[in-house]
Amino acid sequence: MRRTGTTRRSALTATGAVVLGAVLTGCGDGPQERELPGGADTRTAAVRERTALRAAARDSASLLSRYEQVAAAHPLTEAGIAPMGAAVREHLAALGGPAKTAGTSPAPSPPAAPADARAALRELAAEERRVADGRATALLNAEPELARLLASIAAAGAAHAYLLTELAKETPA
């Protein structure tokens, strides 16, 4: 004799169908009303991302030049700042900046390094902090992938600022 009414199997099947429908509805491309005809939002986002990348690469190039100036002006600091300069060089490459080798400088030249090694390291730390803060601000409006890259580089810059500050304290006058 066949059972009538709701069975456990039919209830689970119905629940699964409802859940699957809800999940598939949530997996769409996102709100369609934001997109303009012809994909204008996509183009705008791409332009914004390229602009942010260029600005970040320009900051990294300037920062790398600054590291090279301090190392050249104060050879005693070169061993301490070389790893950080190498990291900035890698950041520049990750940002799509021009491949920069040691000894070459970008077009905009930063001011000359101070005559005092401690002061030069403190200024370099301040520059790292400024650049890291700028990247942290820029990542708020960046696309997710670029935001992750900027966050990572900003964190490295903050660590460099701390290490440079500590190095300045240990450097003889």
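Residues numbered from 1 in each chain as written. Predicted model: local features only at pLDDT ≥ 70, side-chain atom pairs only at ≥ 80, totals over all residues. Heavy atoms only, no water.

(A) Region of interest: the side chain of E128. Within the secondary structure, E128 sits in helix α4 (residues 117–138). One buried charged residue, E128, remains without a salt bridge, the closest side chain of opposite sign being R135 at 5.9 Å. For E128, the residues in contact, after removing those within four places along its chain, are L63, Y67, V88, G157, H160, A161 and L164. (Helix = DSSP H or I, 4+ residues; strand = E, 2+ residues; numbered from the N terminus. Buried < 20%, exposed > 50% of the residue type's maximum accessible area, 1.4 Å probe, protein only. Lys, Arg positive; Asp, Glu negative; His and termini not counted. Salt bridge = Lys/Arg side-chain N within 4 Å of Asp/Glu carboxyl O. Contact = heavy atoms within 4.5 Å.)

(B) Layout of α4. Under the 1.5 Å per step criterion, the end-to-end length of α4 is 31 Å for 22 residues, consistent within 8% with the ideal 32 Å. Residues A117, A119, A120, L121, L124, A125, E127, E128, V131, A132 and R135 constitute the buried set of α4. (Expected span 1.5 Å × (residues − 1).)

(C) Up close: the packing of helix α3 (residues 78–94) against helix α5 (residues 144–170). Closest axis-to-axis distance for the α3/α5 pair is 11 Å, and the angle between their directions is 165°. Viewed along their axes, α3 and α5 adopt a mutual orientation that is roughly antiparallel. α3 and α5 meet at a crossing whose hand is left-handed. On α5, the residues touching G80, I81, M84, A87, V88, H91 and A94 of α3 are L149, I153, A156, H160, L163, L164 and L167. (Axes fitted to C-alpha atoms, helices over the stretch in contact; angles between N-to-C directions. Parallel < 35°, antiparallel > 145°, perpendicular 65-115°, else oblique. Left-handed = near helix turned anticlockwise from the far one by under 90°.)

(D) Local environment of the pattern of salt bridges. Summed over all chains, the structure comprises 6 salt bridges. E68 is paired through a salt bridge with R89; the nearest N and O atoms lie 3.5 Å apart. Remark: R89 occurs in helix α3 and E68 occurs in helix α2 (residues 40–73); sequence separation between them is 21 residues. Measuring nitrogen to oxygen at the nearest pair gives 2.7 Å for the salt bridge that ties R148 to E145. Of the two residues, R148 and E145 are both situated in helix α5; the distance of 3 residues between them amounts to about one turn of the helix. Using a relative accessible area of 52% as the deciding quantity, one classes R148 as exposed. You can call E145 exposed: its relative accessible area is 56%.

(E) View of the confidence of the model for the protein. Across the protein, the average pLDDT comes to 80, with 71% of residues at or above 70. Summarising per-element confidence for the protein, the mean pLDDT is lowest in helix α1 (residues 8–26) (61) and highest in α3 (95). Here residues 30–38 is a poorly scored stretch, pLDDT under 50, and it has 4 contacts once near neighbours within four places are set aside; other chains count. Segment residues 101–107: pLDDT under 50, and 12 contacts once partners within four positions in sequence are set aside and those in other chains are kept. (pLDDT = per-residue confidence, 0-100.)

(F) Expanded view of the packing of α4 against α5. It is the contact of α4 with α5, at a shortest axis distance of 8 Å, that shows an interaxial angle of 160°. Taken together, the axes of α4 and α5 lie roughly antiparallel to each other. Two packed elements cross with a definite hand, and for α4 against α5 that hand is left-handed. Side by side, α4 and α5 meet where R118, L121, R122, L124, A125, E128, R129, A132, R135, A136 and A138 of the first sit next to L150, I153, A154, G157, A158, H160, A161, L164, T165, L167, A168 and K169 of the second. Classifying every residue of the contact of α4 with α5 by side-chain character gives 14 nonpolar, 3 polar and 6 charged. (Nonpolar A, V, L, I, M, F, W, Y, C, P; charged D, E, K, R; others polar.)

(G) Region of interest: α5. Look at α5: 39 Å from first C-alpha to last across 27 residues, which is about the 39 Å you get at 1.5 Å a residue. Taken together, the buried positions of α5 are L146, A147, L150, I153, A154, G157, H160, A161, L164, L167 and A168.

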